[in-house]
Protein chains: 2
Amino acid sequence: MAKRHLSLKDLATELNISISTVSRALRNHPDISPEITKKVQDLALAKNYTPNPLAMGLLKQETRMIGVIVPDLVTHFYSSIISGIEEFAKSRGYFILLASSYESIEREIESVSNLLKARVDGMIVCLSKETDRFEHFVRLIENEIPLVFFDRICLDDQVPCVAIDNKDAVEKIIHHFHEGGYQRIAFISGPAHLNISHDRVAGYLSGLKKYGLVFDPVLLRPCNMLIDEAIQITDEWLALPEPPDAIFGINDMVIFAVMQELRTRGIKIPEEIGVIGFADEFHASFSTPQLTSTMHPTREIGIKAAELFFKKMDDPSFSGTVVLQTKLAIRESSVRK
Amino acid sequence: MAKRHLSLKDLATELNISISTVSRALRNHPDISPEITKKVQDLALAKNYTPNPLAMGLLKQETRMIGVIVPDLVTHFYSSIISGIEEFAKSRGYFILLASSYESIEREIESVSNLLKARVDGMIVCLSKETDRFEHFVRLIENEIPLVFFDRICLDDQVPCVAIDNKDAVEKIIHHFHEGGYQRIAFISGPAHLNISHDRVAGYLSGLKKYGLVFDPVLLRPCNMLIDEAIQITDEWLALPEPPDAIFGINDMVIFAVMQELRTRGIKIPEEIGVIGFADEFHASFSTPQLTSTMHPTREIGIKAAELFFKKMDDPSFSGTVVLQTKLAIRESSVRK
DNA sequence: TTCCTCTCCGCAAAGCTTTGCAAGTAGAAA
DNA sequence: TTTCTACTTGCAAAGCTTTGCGGAGAGGAA
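Heads up: these notes are all about the structure in this document. (Residues numbered from 1 in each chain as written. Chains lettered and ligands numbered in written order. Predicted model: local features only at pLDDT ≥ 70, side-chain atom pairs only at ≥ 80, totals over all residues. Heavy atoms only, no water.)

### Quick notes on the protein's contact with DNA strand D
For clarity, the cut-off: We call a residue near a given molecule or strand whenever any one of its heavy atoms falls within 4 Å of it. Definition of a polar contact: a pair of N or O atoms within 3.5 Å, with one able to donate and the other able to accept a hydrogen when the atoms are protein atoms, and with sequence-neighbouring residues admitted only if both atoms are side-chain atoms. The way it works is that DSSP assigns letters per residue, a run of H or I at least four long becomes a helix, a run of E at least two long becomes a strand, and they are numbered from the N terminus.
The environment of DNA strand D is made up of 28 residues, and the closest members are Leu8(A), Ser23(A), Arg24(A), Tyr49(A) and Thr21(B). Here Arg4(A) contributes a side-chain N or O atom positioned 2.9 Å from a phosphate oxygen of DNA strand D. The separation between a base nitrogen of DNA strand D and a polar main-chain atom of Ala55(B) is 3.5 Å. Those elements giving two or more residues to the surface near DNA strand D turn out to be α1 (8–15), α2 (19–26) and α4 (53–60) of chain A together with α2 (19–26) and α4 (53–60) of chain B.

### Concerning the relation of the copies chain B and chain A
To be explicit about the condition: Alignment of copies: least-squares fit on C-alpha atoms of residues with pLDDT of at least 70 in both copies. Throughout, a residue-residue contact means that at least one pair of heavy atoms, one from each residue, lies within 4.5 Å.
When chain B is fitted to chain A, the best match, at an RMSD of 0.1 Å, comes from turning it 180° and sliding it 0.1 Å along the axis. On the angle and the small slide along the axis, the relation comes out as a two-fold axis. Comparing interface residues between copies, 100% of those in chain B also sit at the interface in chain A, which points to an isologous, same-surface contact.

### Things to note about helix α1 (residues 8–15) of chain B
Residues and elements named next belong to chain B. What counts here: Accessibility here uses a 1.4 Å probe with only protein chains present; expressed as a share of the type maximum, an area under 20% marks a residue as buried, one over 50% as exposed, and anything in between as partly exposed. The arc in question is the one traced by the directions running from the helix axis out to the C-beta atoms.
Turning to α1, its buried residues are Leu8, Leu11, Ala12 and Leu15. For α1, the buried positions fall inside an angular range of 100° around the axis, keeping them on one side. Counted as exposed and oriented over 90 degrees from the buried face of α1: Lys9 and Thr13. The inward-facing, buried residues of α1 contact α2 and α3 (34–47). Positive phi shows up at Asn16, right after α1, with a value of about 60°.

### Focus on the pattern of salt bridges
As a reminder of what qualifies: Criterion for a salt bridge: a side-chain nitrogen of Lys or Arg within 4 Å of a carboxyl oxygen of Asp or Glu.
For the structure shown, the criterion picks out 34 salt bridges over all chains. Two residues, Arg4(B) and Asp10(B), come together in a salt bridge whose shortest N-O distance is 2.8 Å. Here the salt bridges do not stand alone but share partners, grouping Asp235(A), Glu261(A) and Arg265(A) into one network.

### Thoughts on the packing of aromatic side chains
Just so we agree on the cut-off: The aromatic pairing rule takes the rings of Phe, Tyr and Trp, using the six-membered ring of Trp, and pairs them if the centres are within 6.5 Å, calling planes under 30 degrees apart stacked, those over 60 edge-to-face and the rest tilted.
Counted by the stated rule, this structure contains 20 aromatic pairs over all chains. Ring centres of Tyr204(A) and Phe215(A) lie 6.2 Å apart, and the angle between their planes is 85°; on these two criteria the pair is classed as edge-to-face. Residue Tyr204(A) is located in helix α9 (residues 195–210), and its partner Phe215(A) is located in the loop between α9 and β7 (220–222); the two are separated by 11 residues in the primary sequence. For Tyr204(A), a relative accessible area of 1% gives the class buried. Residues Phe77(B) and Tyr78(B) carry aromatic rings whose centres are separated by 5.1 Å and whose planes lie at 70° to one another, so their mutual orientation is edge-to-face. Since its relative accessible area comes to 13%, Phe77(B) is described here as buried. The class of Tyr78(B) is buried, set by a relative accessible area of 5%. Three or more aromatic residues joined by ring pairs form one cluster here, namely Phe88(A), Tyr94(A), Phe309(A) and Phe310(A).

Structural data, given as structure tokens:
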């Protein structure tokens, strides 16, 4: 199809000198005379020569590509993080090879394998919601392939991770609800094996305790992050003799589903039930009522993850988790008039 | 850093045969005896050998990577299309190299250049909103590098394109408003040089005519797709002696800004002003009131774009625009009770 | 004049794969 | 026994770049 790209050989032929001289001239090697150097560089510029990354990669044993695996591409949370990673990577001359696990561990494993086949220099990953075993990542570690996790993390004793302060984030939510006079705070959590779930549950328990609220096991429900499930749970709570007066959930999906269900049933937010989500600016601001939510520093997460990635490249023994703080953006859905 | 990947040489050394024999054995070449073939394949499987794409690329003059340039990564519209492209590409054994133009023509040009340096086999692109000159793409065409545009397109006499039926989409909107008794329909369009703008304007004009509505130039405003601008335009319309009774806009951003402004001013949707957007399911369904909107077949756009890409690879002379139909999802924001 | 020392440039290998061609062995035919 | 065919396998080049090392030429010193 495409015409062949220009190579050193082409330049060398045109100038009637050897390939190695051209190569050296382009890198300003002192062995090469100023005249030839100039002639070569001028021609390269005029003809728009760029070195062939395949050849370089073969030689240097690197592709300058980072594999990025996310649960999905369309959720704002992930696309924003990807955007951050991409920006930082680009500044270092690296490209991103994107793969989606579609929240499935099988496809996650497949993605790891595909990226490996593509010879990426390393990977930045957010676990799928199903991921409760990690052999596919252990294999990477054993082969000393740089790896970084973000948000949903594991193996953090060996792998650099970027996470938010999940416990603190939930305590902030409890605090805010408590201040507004809400008493029975319900939490739709995620799959138990995910760090974001149990860290947030920890925050839920410690938060309740801290503010002298009673823990009712009925009001803590794990879920698989599906809309129908969230609606189902909401229904069950509303059927309780003592239903909750506040609900928060583990992500956008879940909490918007709750809001819609409450609205369908004519339950007023925030008067009857206060609602808080983990959502992004755009969604939260344009919903009605505007949604109080924990704001993730998404772009920062991406940039930090990329930063750790390069650190890991330089120092294979590097690990440790960077914890970023969240901010509770208080809007209408949790503030009674 | 990472340990070297396994190569044919490693297998050859281990089996005490030549590299070429290993290569042939893996591809079931008839010249190789069944015993050796089996031995090689077993070892390759056991050791998890995968061919080095850099070497293959160098040899075959292809990278099996497609460069994808979008205005941004975080808008659902684009991420969903990317997801579609990725899926189709993966099924063909291709990877995607992602780049964002951030709606800037300079960064778009830079991205084209970066992807070229990375030696992608071709590109799939959605123009930035600023893009009103196309030399950077003409250069690709001249070098016979496969190129496909989607949504915001140009050079469609030489480049395969995927677009939606913009004119028809807007006519549907006008039709629906008209049926609901709305008379003064206002349209916040986009930059004049984009096809999506002028095609939709064409639909606006033909739609008004078709349904016997008067065209008032004041109610057709181009904008640069910024929130503040949309709010500003809304304000100006509301200050008119005869304000519009229906508004639709060129994308999510714009129309949510309008809704928020109307809400701030206590103007009832859809009773006083009907509103329709070009938005995605998720946003539209969870807003209040639920937003009537033109649904893009985003995933299909992505898949189709990828399909055309491969067609273009096979046949360099191929071009032509595939037009996909939209559907107007009627929800609350445009239906008076 | 002869030898030494710079200066400047080219050869060749390595990194990995595919593939045309040459070469080897074994068996069969003469 | 000799020669030819058929069957297997290996050599080497190409695709592109970097770099150690060897070499050629020029100039100066002895």
